[in-house]
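# Coordinate analysis (summary)
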Amino acid sequence: MDVSHILDRLNDPQREAVTASGGHHLVLAGAGSGKTRVLVHRIAWLIEVEQVPGWNILAVTFTNKAAREMRSRIDELLTIPSGAMWVGTFHGLAHRLLRSHWKEAGLSQGFQIMDSDDQFRLIKRILKSLDLDDSRWPPRQVQWFINAQKDEGRRPKHIDDCDDFFQKQMIRIYQEYEDACKRGGVVDFAELLLRSHELWLNNPELLEHYRKRFSHILVDEFQDSNSIQYAWIRLLVGTHNLLFVVGDDDQSIYGWRGARVENILNFQSDYPGSSLIKLEQNYRSSGNILKAANSIIEHNPTRLGKNLWTEDGAGEPVHLYSAFNEVDEARFVIGRIQEQIEQGKQRSEIAILYRTSAQSRLFEEALIQTSIPYRVYGGMRFFERAEVKDALAYVRLINHQHDDVAFERAVNQPPRGIGPRTLDAIRQHAREFSCSMWQASVELKQGGDMQARAANAIQHFIDLIEDNRSADDDLPFHEDISRIIAISGLRDHFQKSRDGKGQDRIENLDEVINAARQFINHEDELLSDLDAFLAHASLEAGENQGQEYEECVQLMTLHSAKGLEFPVVFIGGLEEGLFPHRMSADDPERLEEERRLCYVGMTRAMQQLTLSHAESRRLHGSESYPLPSRYLREIPHQYLLEVRSTPQISRPYAPAAQSNSEGQFHLGQQVTHPKFGEGVILNSEGEGSTARVQVNFADTGVKWLVVNYANLS
DNA sequence: GAATGCGAAGGCAGG
DNA sequence: CTTCGCATTC
């Protein structure tokens, strides 16, 4: 048969990976080395050449975006239909599994998914009900603890209390949390994975069924898998199935949410006889960018080791700008972007990356000033907005009365006279009788154990929910949602609000109806349209909202940039304490992860990469004077070019900076110091006898020196 | 019980 | 600089 459409345009290692036969395979795919292409072509190879039926194939990714892209590229490449292949994220596949086997998994039929905000609120309520001081037991920390345990596959009973009071208490809270989830019929993200792992462990015949079905298992971004995902895959692979994983240990940046880079480092010992294929040719970045990125990642001691190369020319050097402060940094970047656009670049070819979401604001302000359209990825996603969650809480409660998370959210929003006292009574009753809050309200109301006023308010709420429930009809579900939003009083409530955001909120409510109208249910053999929509809202949170307007400058965190590429990339805030972040400062492993994050960011750039740092930055309300990031020192000078502010942008408050030391030293100049050795001038300030220059020394790092004493040459 | 105002506390990355 | 919990007042 003709396989040229599968094998043409692949280099040798890529072709080796695509056509590899038998056994397990680990493909170490460097940034921009054609990782997705290899996966997609591998699947086409299996289907068209090895004649593996589509329904024997399972392909797992980490993000919905990656899953969508893989699906569409497979469809593009295949000459025959892909059949009932499973392609999805770990969470999406686990969810599907649990919907099919909710009974065996010990879940309720209509179980709902909590996002991390729901989870946080639930934990706060549990701490309150246990009468624990939340300054001693910070909800964030508890949430982190519970998720970390689940990521490692541990239930409360599996955790060693170490005879330690703190640990014991944490385990107790975890147990209470589990009970509350069960009462409310809700599962969090980590629970999806843990529960579906247990489903297989406890139901050997089910496991056997899926083992028979999925003879070929492919995993993307393997370095991002956590312990439970790894165990899940390993269980499914069993002794007969074939595993093909693609990953890059240098791009492992999700350790903080449980990812274990060891999974990729230990792959060959866990799967004896598996083959290792390295993809090292980079098709994305020009030479200088790639070399600069390589020289940074080489500072990490624990790597499998890989050296990316390119056939491309050196291209432009990596640009470096030292900004006076964070405002100057933003103005410089936006000035450069204007130049790029004037030179014919599309706005969507330009990306600004940063370490923390908060940094986007400055760039946004500068972009607004210059009227350049932009789009911020990540941040608050559509289905995470308060008003959207309020509306969906009503929808959830109407369809699943026992959903306590939805109950708590909807019961007094908008305010209808059900205050803390009444709610406390309901919560207590629910705990006592181990029932849902909905049931507790009904029982309390009927028992007459309530003040008349509260009982009235509760009855009003119960009627509201019940009436909508009985209004079950054949209307498309978006009409139900529309009616619920109107009847709940949310629309009126936001209409009346005077905080200036009311109109936005109402528009978002309308957008919920819109999203429901456009929603396509892909799981209709498992779920009603409405439940599929609710699951979609939790699992996807509206990642792709607003993608219709593409011609924008792209703003995003370094994390969300992974997997993307742009001709022109700016990375801001390369400062100690920000990047690497101070929270990582005292842990070598986390510092390595920060460096990998920097590597990921730099390797997004195709033609032009500009790094910047600010000498002073307003952070959390106070001024700081951070040192330039260590990563700037790790780039050899020959790949770097120091740039100065574009002419139309003056450096505020430092007009003298450009003129001082004129004729003697200038920014970017190579200098030699008798003691510190060779370095590059990063910056300067002051005049005459007090003039100082900031020098980045190859050996000792960045230092400020007084020109008159430093004896620089 | 709801609206308003104040002070303290917490702040990273994201599916 | 925000957000959240709390106290005060209506």
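Preceding block: the structure.
Here is what the cut-offs are and how they apply
- Residues numbered from 1 in each chain as written.
- Chains lettered and ligands numbered in written order.
- Predicted model: local features only at pLDDT ≥ 70, side-chain atom pairs only at ≥ 80, totals over all residues.
- Heavy atoms only, no water.
- Phe/Tyr/Trp six-rings, centres within 6.5 Å; stacked < 30°, edge-to-face > 60°.
- Lys NZ or Arg CZ within 6 Å of the ring centre and 35° of its normal.
- Buried < 20%, exposed > 50% of the residue type's maximum accessible area, 1.4 Å probe, protein only.
- Helix = DSSP H or I, 4+ residues; strand = E, 2+ residues; numbered from the N terminus.
- Pairing = 2+ DSSP bridges.
- Axes fitted to C-alpha atoms, helices over the stretch in contact; angles between N-to-C directions.
- Parallel < 35°, antiparallel > 145°, perpendicular 65-115°, else oblique.
- Contact = heavy atoms within 4.5 Å.
- Nonpolar A, V, L, I, M, F, W, Y, C, P; charged D, E, K, R; others polar.
- Salt bridge = Lys/Arg side-chain N within 4 Å of Asp/Glu carboxyl O.

Going through the model one piece at a time under the given rule, you end up with 22 aromatic pairs. Measuring from ring centre to ring centre gives 5.7 Å for Tyr-254 and Trp-256, while their planes differ by 50°; the resulting arrangement is tilted. Here a set of aromatic residues connected by ring pairs shows up, and it is made of Phe-62, Trp-86, Phe-90, Trp-200, Tyr-210, Phe-214 and Trp-232. The positively charged end of Arg-234 is found above the aromatic ring belonging to Tyr-271, 4.8 Å away from the centroid. Over the aromatic face of Tyr-377 sits the side chain of Arg-375, whose NZ or CZ is 3.9 Å from the ring centroid.

Our next topic: the pairing of strand 12 (residues 553-557). In terms of residue burial, strand 12 counts as a mostly covered element, since five of its five residues are buried. In strand 12, alternate side chains face the same way, and those of Val-553, Leu-555 and Thr-557 on one face and Gln-554 and Met-556 on the other are all buried. One ladder, built from four bridges, connects strand 10 (residues 350-354) with strand 12; its direction is parallel. What sits directly across from Leu-353, in strand 12, is Met-556.

This part is about the packing of helix 9 (residues 189-202) against helix 10 (residues 204-213). It is at 5 Å that the axes of helix 9 and helix 10 come closest, and there the two elements cross at 105°. Considering the angle they form, helix 9 stands roughly perpendicular to helix 10. From helix 9, Leu-199, Trp-200, Leu-201 and Asn-202 reach across to helix 10, where they touch Pro-204, Leu-206, Leu-207 and Tyr-210. Of the residues contributing to the contact of helix 9 with helix 10, the split by class is seven nonpolar, one polar and no charged.

Turning our eyes to something else, we now look at the pattern of salt bridges. Any two side chains of opposite charge can pair, so long as their charged atoms come close to each other. Applying the stated criterion across every chain, the model contains 47 salt bridges. Of the charged contacts, one joins Arg-68 and Glu-540 as a salt bridge, the two residues approaching to 3.0 Å between their closest N and O atoms. Of this pair, Arg-68 sits in helix 4 (residues 64-77) while Glu-540 sits in helix 25 (residues 529-540); the two residues are 472 residues apart in sequence, bridging distant segments of the chain. Glu-540 gets classed as buried once you look at its relative accessible area, which sits at 17%. We note a salt bridge from Arg-596 to Glu-593, for which the minimum N-O separation is 3.6 Å. Note that Arg-596 and Glu-593 are positioned in helix 27 (residues 588-602) at a spacing of three residues, about one turn of the helix.

Just geometry here; none of it tells us what the structure is for.
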